[in-house]
Amino acid sequence: VFKNYPLSNQCNSAMQSNMHPYSCDIARLARCAGQYGKFWEYHRMAFDEQRNASLEQAKAWGKKVGMTDAQMDVCLSSPDILAKIRDDIDLGSKSGVDGTPAIYINGRKYVGSRDASAMKSMIESL
């Protein structure tokens, strides 16, 4: 399960700064892409190209996964999408998330190697 935790005080009140200025918009557009079955495709592009993040770039990623400008404009202004992102943020804050990525396995924060075999061992032990 993926939960959003944008590192920006524009939508995340737990953040003291705007560490990633476009992360709130990117989270909104990723959720929007998810409505069209394209969340993971959008997420991968955003993650891989995060150094180039801007609102224009976030919309370009949306176009690459098949969203129209009109669809993205609706999503960027949707109070429902923002509310879902804030629900994710609240859950993350209550769970002790203080940065990303944060991985939880069976409700326990995983701190360790992100190597697949290390994570597999942890999963199997639980």
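Let me sum up the structure you'll find in this document. (Residues numbered from 1 in each chain as written. Predicted model: local features only at pLDDT ≥ 70, side-chain atom pairs only at ≥ 80, totals over all residues. Heavy atoms only, no water.)

A few points about the overall build of the protein
- Looking only at helices and strands, one finds six helices and two strands in the protein.
- Each helix (α) and strand (β) of the protein, taken in turn from the N terminus, gives the series α-α-α-α-α-β-β-α.
- Rg of the C-alpha trace for the protein: 15 Å, near the compact-globule value of 14 Å for 126 residues, within the 12% margin.
- Viewed in the frame of its principal axes, the protein has a C-alpha envelope of about 45 × 30 × 25 Å.
- Burial analysis of the protein (126 residues in total) assigns 33% to the buried set. (Helix = DSSP H or I, 4+ residues; strand = E, 2+ residues; numbered from the N terminus. Rg over C-alpha atoms; globule rule 2.2 N^0.38 Å. Buried < 20%, exposed > 50% of the residue type's maximum accessible area, 1.4 Å probe, protein only.)

Quick look at the packing of helix α2 (residues 39-48) against helix α3 (residues 55-64)
- As a packed pair, α2 and α3 sit with axes 10 Å apart at the nearest point and diverge in direction by 145 degrees. In the packing of α2 onto α3, the handedness of the crossing is right-handed. Side by side, α2 and α3 meet where Glu41, Tyr42, Met45 and Ala46 of the first sit next to Ala58, Trp61, Gly62 and Lys64 of the second.
- By residue class, the composition of the contact of α2 with α3 is five nonpolar, one polar and two charged. (Axes fitted to C-alpha atoms, helices over the stretch in contact; angles between N-to-C directions. Left-handed = near helix turned anticlockwise from the far one by under 90°. Contact = heavy atoms within 4.5 Å. Nonpolar A, V, L, I, M, F, W, Y, C, P; charged D, E, K, R; others polar.)

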